[in-house]
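Listed below are the residues making up each chain.
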Amino acid sequence: MKRDLLRIVLLLLSPALFQQCQVSRDTPKPGWPEITRETKPWTRWWWHGSAVTREGITAEMEACRKAGIGGLEITPIYGVTGEEESFVNYLSPEWMELFIHTLKEAERLDMGIDMATGTGWPFGGPWVGDQDACRNLQHRIYELKGGTRLGEKIEFVQQPYLRAVGNQVYEVHESFSSKKTIAGGSRKEPLARLDPKAIDIKTLKQPIGENTNLQLLALDQVIFERPLPLQVLMAFGDNGQAINLTAFVAADGTLDWTAPPGNWKLYALFEGWHGKMVERAGPGGEGNVIDHFSSQALQHYLSRFDSALRGRDIKTLRAFFNDSYEVDDARGAADWTPALLSEFKKRRGYALEEHLPALFGNDRDEMNERILCDYRETISDLLLDNFTRPWGEWAHSKSAVIRNQAHGAPSNILDLYGAVDIPEIEGVEPLRTKMASSAGNVTGKKLISSESATWLNEHFESNLADVKTALDRFMLNGVNHLFYHGTSYSPPGEAWPGWLFYAAVHLNPRNPLWNDLDALNNYVARCQSFLQKTSPDNDVLLYYPVYDRFSTPGPELIEHFDGIGKQFEHTAFRRGAEEMLQKGFSFDYISDKQLQDCREKNGTIETGGKASYKVLVIPHGKYIPLQTFRKITALAGTGIAVIFLEGLPESPAGFGNYTENRQVFDKMMKELAHRSEAAEGVTEKKVGQGRILLGDRIEPLLSYAGIRRESLPERGIQFIRKKNGANKTIYFISNESGESVDGFLLISEKASAVVLYDPMSGEFGSASIKQEDNGTQVYVQLNPSQTLIIETQETSVDVAPFRYYMTAGTPVVLRGEWSVSFDAGGPVIPPPVKRDSLTSWTTLGSGDYQAFSGTGNYRISFAKPAGEPEGWLLDLGTVKESADVMVNGKQLGTLIGPVYRIFIDGSMLTQNNTLEVRVTNLMANRISDMDRKKIFWRKFYNVNFPSRKAENRKNGLFDASHWEPKESGLLGPVRLIPVTIRKE
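Sequence positions are assigned chain by chain, starting from 1 and proceeding in written order. Where local features are concerned, this predicted model is filtered to residues with pLDDT of at least 70; where side-chain atom pairs are given and counted, the filter is 80 or more; whole-chain, interface and lining totals use all residues. Remark: hydrogens and water are excluded; side-chain values derive from all non-hydrogen atoms of the structure.

### Quick word on the overall build of the protein chain
Strands here are runs of E lasting at least two residues and helices are runs of H or I lasting at least four, both read from the DSSP assignment and numbered beginning at the N terminus. Each helix and strand in the protein chain was counted, giving 20 helices and 54 strands. Rg of the C-alpha trace for the protein chain: 32 Å, near the compact-globule value of 30 Å for 984 residues, within the 12% margin. Judged by the C-alpha coordinates and their principal axes, the protein chain covers about 110 × 90 × 55 Å. Within the span of the protein chain, comprising 984 residues, buried residues form 60% of the whole. Radius of gyration here uses only the C-alpha atoms, and the compact-globule reference equals 2.2 Å multiplied by the residue count raised to the power 0.38. Under the scheme applied here, a residue whose accessible area is under 20% of the maximum for its type counts as buried, over 50% as exposed, and between as partly exposed, the area being computed with a 1.4 Å probe on protein chains only.

### Re the packing of helix α2 (residues 54-66) against helix α3 (residues 93-109)
To define axes, lines are fitted to C-alpha atoms, for helices over the stretch in contact only, and angles between the resulting N-to-C directions are given on a 0 to 180 degree scale. Running from N to C, α2 and α3 point in directions that differ by 30 degrees, and their axes come no closer than 10 Å. Between α2 and α3, the crossing angle belongs to the class labelled roughly parallel. At the point where α2 passes α3, the crossing takes the right-handed sense. Here R54, I57, T58, M61, E62 and R65 of α2 come into contact with α3, specifically with E97, L98, H101, T102, E105, A106, R108 and L109. Each angle is binned into one of four classes, with values under 35 degrees roughly parallel, values over 145 roughly antiparallel, values of 65 to 115 roughly perpendicular, and all other values oblique. Each crossing gets its handedness from the near helix: less than a right angle anticlockwise from the far helix is left-handed, clockwise is right-handed. Contact between two residues is taken to exist if any of their heavy atoms lie within 4.5 Å; hydrogens are not considered.

### Considerations on the sheet that holds strand β42 (residues 818-826)
What holds strands together in a sheet is hydrogen bonding between their backbones, with the strands either parallel or antiparallel. Whether two strands pair depends on DSSP finding at least two bridges between them. The strand order β43-β42-β44-β50-β47-β48 describes an open sheet built from 6 strands, whose pairing is antiparallel. At either end of the open sheet lies a strand with only one pairing partner, and these are β43 (833-835) and β48 (890-895). The sheet shows a mean angle of 20 degrees between the axes of neighbouring strands, taken without regard to direction. Note that strand β44 (residues 853-863) and strand β50 (residues 912-920) share 9 bridges and pair antiparallel. By the bridge assignment for β50, G856 is matched with V919.

### Some details on the sheet that holds strand β2 (residues 71-77)
Pairing within the closed barrel is parallel, and its 8 strands lie in the order β1-β2-β3-β14-β15-β16-β17-β18. Mean inter-strand twist for the sheet, computed between neighbouring axes without regard to direction, equals 30 degrees. Summarising the sheet, strand β3 (residues 112-116) and strand β14 (residues 317-322) pair through 4 bridges and their orientation is parallel. When the sheet's bridge partners are listed, M115 is paired in β14 with F320.

### Observations concerning the environment of R348
Counting through the fold element by element, R348 comes out in helix α6 (residues 340-348). Separated by 308 residues in the primary sequence, R348 and G656 have C-alpha atoms spaced 5.6 Å apart. What R348 contacts, discounting residues up to four positions off in sequence, is D374, E377, T378, D381 and G656. At 3.3 Å, the side chain of R348 and the side chain of D381 are in polar contact. Pairs of N or O atoms are called polar contacts if they sit within 3.5 Å, as long as, within protein, a hydrogen donor faces a hydrogen acceptor (for residues adjacent in sequence, only side-chain-to-side-chain pairs).

### So, the pattern of salt bridges
Basic side-chain nitrogens of Lys or Arg form a salt bridge, by our definition, when they fall within 4 Å of a carboxyl oxygen of Asp or Glu. Counted according to the given criterion, the structure contains 70 salt bridges. In this structure, R44 engages E73 in a salt bridge whose closest nitrogen and oxygen atoms are separated by 3.0 Å. Linking R44 in strand β1 (residues 42-48) with E73 in strand β2, this pair joins segments that are 29 residues apart in sequence. Residue R44 is classed as buried on the basis of its relative accessible area of 3%. D381 is the partner of K593 in a salt bridge, and the nearest nitrogen-oxygen pair spans 3.1 Å.

### Considerations on the packing of aromatic side chains
By convention, a stacked pair of Phe, Tyr or Trp rings (six-membered ring in the case of Trp) has centres within 6.5 Å and planes under 30 degrees apart, an edge-to-face pair has planes over 60 apart, and any other such pair is tilted. Scanning the model with the defined rule gives 57 aromatic pairs in all. The ring of F321 has R403 lying over it, and the distance from NZ or CZ to the ring centre is 3.9 Å. In this scheme, the term charge over a ring applies when either NZ of a lysine or CZ of an arginine sits within 6 Å of the ring centre and within 35 degrees of the ring normal. For the cation-ring pair, R982 lies above Y804, with the distance from its terminal atom to the ring centre recorded as 5.8 Å.

### Regarding the packing of helix α10 (residues 430-443) against helix α14 (residues 572-583)
One way to put it is that α10 packs onto α14 with a least axis distance of 11 Å and a crossing angle of 100 degrees. Taken together, the axes of α10 and α14 lie roughly perpendicular to each other. Along the contact surface, α10 presents P430, L431 and K434, while α14 presents A577, E578 and L581. Here the term charged refers only to Asp, Glu, Lys and Arg, the term nonpolar to Ala, Val, Leu, Ile, Met, Phe, Trp, Tyr, Cys and Pro, and the term polar to all other amino acids, Gly among them. Class assignment of the residues belonging to the contact of α10 with α14 gives a composition of 4 nonpolar, no polar and 2 charged.

### Some words on helix α5 (residues 295-309)
Take the number of residues in a helix, subtract one, and multiply by 1.5 Å to get its expected span. For α5, with 15 residues, the first-to-last C-alpha span of 21 Å sits near the 21 Å given by 1.5 Å per residue. Between the side-chain oxygen at the start of α5 and the backbone nitrogen of Q296 there is a gap of 3.3 Å, and the oxygen is on S294. One or two positions beyond α5, positive phi appears at G311, with a value near 80 degrees.

### Concerning the confidence of the model for the protein chain
Looking at the protein chain, the pLDDT average stands at 93 and 94% of residues meet or exceed 70. The model gives residues 5-25 a pLDDT under 50, and that stretch makes 0 contacts with residues more than four places away or in other chains. The pLDDT value tells you how sure the predictor is about a given residue, anywhere from 0 up to 100. Here residues 169-184 scores under 50 on pLDDT; set against residues more than four positions off or in separate chains, the count is 63 contacts.

### What about the side chain of E38?
As for its position among the elements, E38 is in the loop between α1 (2-26) and β1. Side chain to side chain, E38 and R318 meet in a polar contact 2.9 Å long. With sequence-adjacent residues up to four places away left out, E38 is seen in contact with R318, K446, L447, H481, Q528 and Q532.

### Some thoughts on unusual backbone geometry
Here W121 and P122 are connected by a cis peptide whose omega angle stands at -15 degrees. Within the element layout of this structure, P122 appears in the loop between β3 and β4 (124-125). Here the bond from N944 into F945 is cis, since omega is 10 degrees, no more than 30 degrees from zero. Tracing the sequence through the fold places F945 in the loop between α20 (924-932) and β51 (953-954). A positive phi angle is found at N602, which is not glycine, with a value near 55 degrees. Along the polypeptide, N602 turns up in the loop between β22 (599-601) and β23 (604-606). Even without a glycine there, the phi angle at N942 is positive, about 65 degrees. The residue N942 is located in the loop between α20 and β51 in this model.

### As for the pairing of strand β17 (residues 449-452)
The alternating pattern of β17 places S449 and E451 and S450 and S452 on opposite faces, both of which are buried. Pairing analysis gives 3 bridges linking strand β16 (residues 422-426) to β17, with the strands arranged parallel. From the neighbouring strand, E426 faces β17, where its bridge partner is E451. Look down the strands so they point away from you; if the path from the first strand over the helix to the second goes clockwise, the crossover is right-handed. After leaving β16, the chain enters α10 and then returns to the sheet as β17, a path that is right-handed. Where β17 lies against strand β18 (residues 481-488), 4 bridges are found, and the strand directions are parallel. Across the sheet, the residue bridging to E451 is F483, located in β18. On the question of chirality, the crossover connecting β17 to the parallel β18 by way of helix α11 (residues 464-476) is right-handed.

In C-alpha cells form, the structure reads like this:
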C-alpha cells in the first residue's frame, strides 16, 4: 500500500519535476554575454586627404584593436597643408587598393568596416553635374488687368552667391587669417571676412570640378549667375479661374497672351540650382550635392561606386554610411526636383500648379496650410522613396547594409530611420535620441547607433568620464551601437598632436588618454553585450504629429526635422513626451506609415517589427491624415486602449480629396462625442472591444489605463528597461542624482531573484531583494554617474552574491613620501621628484611640468593598517584625469572617474606594501604650450581649426595660448576605507 501511494505521488509530481529540471537545463547561467566586434564601440576614422599608406593603416588598426575598438567607419575628408603630394583621389584605383588593404586587415584583426558613401557630407562629388545637383524653387508674381498684355519677359536670373570656408571667421584656413571681421553672423550666414584674399565667384569656373586646388577653396555653396528655366506659368483670376499659360511663353521669355476681363495674377515657377557643395570634402570628392528627391540622380551618383567596386572583393565591408542630410546647412533650401509636379499629382491626386497662391501663402489661411502640407508630404515621400530606400537596395545588392543619420531632413524622419538597417542619431538630448531608437524598435532593428562624443567641451578639455557620460545618455535612450566621433588617421612618425578633426574629442593614439581608453571600451562592450541581445520593453506608443508641422508656414517652403526641439514647443506632443520621461513611463514614437503596419495581438499593439506595446497615445494636433485616424479607431475597436491627450484632432490633413475626407472625419468625430467620466481628469468611450480615453495630462491617463511606471527617476536614477528573452527583464540604470545611492530601489518588474552586473568592473552576482506587490526592491550601491545592469529572474539562480561594501572603521589617509616619475608623453619628460604631499604636477617646478601631457607614475610605501577587515576601498580622491592602480605589483584596474574608488581584498596587503598609481592627463597643457611658442600645428584645409568657445578664438581660429595650466595628476587625498562585505 505504501509503495502504491508513493508511486501515485511521484506520478503526480513528475510533470512539475520534469518542468523544473527542464527550466534549469534550458536557462543559461548568469554571466556576461559574448563580447563581439559589434558589442565593442566603433569609431569614425577620418582619412585627411586620403593621404594614407598600407603601413599606416595597419598600425592604426592594430592600435584600435588593442584599445578595444571593434570597428571603423572610413570617412575621407579635407587634407593637410604640405601633404598635397600624398593626397589620393577618392575612388581612384590607388584609393581602392588602400581600401581593399583595409578590408583585408579588418578580416585579419576581426574588426568591422563601414564606409561613408562619399567624402565629407552629404552625398555629392565632382561627377554630379547640373542634371543631378540639388535644386531649389524660385518664383515671380506678375499682375495684369483684363485686356492687357505683359510688357516684361517671364524670366528669372539667379543671383550669384558664394560661401567658402575661407570666407568664414570661425572656420578659416590659415592663409586667410585676418583681424578684420564683421559683427554678427550665424551658421547659415557665417561671419564674413574683410580680407583681400577672399574668393571672388567670378574667378570660378563651371562646372566646379574644372577649378584647381578645390581643397584650398573649400567651397560650401556656389550659386552662379544664370537665367533659370521656366517650369510653369499659371494665371489666376479674381473670379477663381486658373489658366496654364506655359505654352504661350516664347523661348526669349515673351508672353503671347492677352488677359481676359478681370484682375489677374501670374505665378511663374523657375527651376534653380541650390548650389550646395559637399562639406569637408576629401580630394576627388569635391563638388555638387545630389538631388535627394530624384532616383535618377541617386542612380547616377552610385554608378561611380559601381565602377570603382567592380571586380573587387568587398565581402568584409559591413555597411555604407550617410552622415545626415545637412543640405539645409546653407542659404535657402533645396526644395525642388524636376519631377515634383508630376510626382505631386500622382501622390496627392491633384495639380499643385493650380494652387500656387496657396503654396506661397497668398490664399486664405486654411487653404495655405493644406496646400503647403501636401507639398511637404510629397517632398517627404520623395526623400524616402527616391533616396533612402533605393540606396538601401543598392547596398543590399552588394551584400552590405546601410547606416543612416536621418536628422535634418525635410521629412518624417521616423520613416527614414525605420527604412534603414542601422538608424543612427547624434546629439544627446533624450527626446531627440528617441527618434532613431523608436524607429529602430518599432521596425525591429537589432542595432541602433549614435555619433557619440561630438564637441563635448572645448578641444582637448574632455576626459574619459565626460565621454562616458555622453555614451551613457545614448544607451539610456535606446542606442546599443556606439560610434566615437572620432579618430583621425595620422602617418607614422607625424609630429604631435598629429592630424585632427575640427569637431571631436580626438580619440587617437596621440591623445594621452588613449592609454586608458581600453577601460572605457571594455565598459561599453559589456553594456552593449546586453543591450544588443535584448528587445524593447516600452509600454507606450506616442504618435508623432508631423502633419501639424507640414501645415505650418515658415521662412522656407520646407522644414527640416531634428527631433522635438523648438518646432514642437508648447505642443501636447512635447508636454506628453517630457512628462513620461520625467515620471518613468517607457515609450517610443511612431509615425503614420509605421502605424499602418500595427495590429492587435493578445490585447497589445504589435508593430511591423514585432515590438509590443500596451497603449497608443495621440497628442492633440490640428491636422491628422484621415487614413491614420481610421487606423487609430480600428485599433481601438479590436481591443486596444487609445489615449487622446489634450483633445481630439480637429481636421483631416491636406487638400487632396478634402470634401469627402471631411465628411468621413466629421462622422467619426460624432461617434466619439459622447463620453463618460471614468476618473478625475479622464473621460472614456467604449469602441468595439477597446476604449478611447481623453484627458489633459498624460500621467492620470496612463495610470487609469493600467500602464506601469518606474519610480527610479524620482531618485535621480535614469533607466532603460528591456526584455531578455521571454522570462527576463533587464534595467540599465545610471545614477544622475549627483549623490551616492546606498539602499533599495523599486523596479516595477516582479522577480524571484535579481542578478546585478557592474559593467565598469565586470563583476556580477545575485542582489539583495525584497518582493513587493507593485514590483521588486533591489539593493544597490551607486556612486554619482555609476551604472548597473539589473537582470530579473523567474526562479532562484546559482551565482555568488553581489558584493556590497559596508564601512568597518575609520578611513586611513596614506601619508609619507610619494615618488613621482613621468613617461609616455611630452613635449619633454620632466625629471622625477619626491613629495610629502599631493598636488597637481603642474606646480612641481619648471615649465616642463606645466607643458607636459602624458602619464605620471605615483609610488608610495605604506604599512598595513591596523585591524582585519575583509578588505579596503582605495579612494584616490581627486584625479586629473584617469588612473591605473597597482598594489604590490598586482594591477587592480583602471579608474576613469568621476569617483576613483577600487576594492582591495584583505589578503592582498602584507606588513609592508607598495601602491602605484599611473595617472594620465589631458592634451590641453601641451597644446597650450605649443600655442604660446607659436608652433605650427593647425595645418588643415577646409576647417582649420574652430573653437567651441568664443574666449578661445583668435583671428577666427582656436587658440589656447592664454590657458593657465590645467591641474594634472594625483591630487588626493588617498585613503584606505576598511570595509566588510554585506551578507544577504
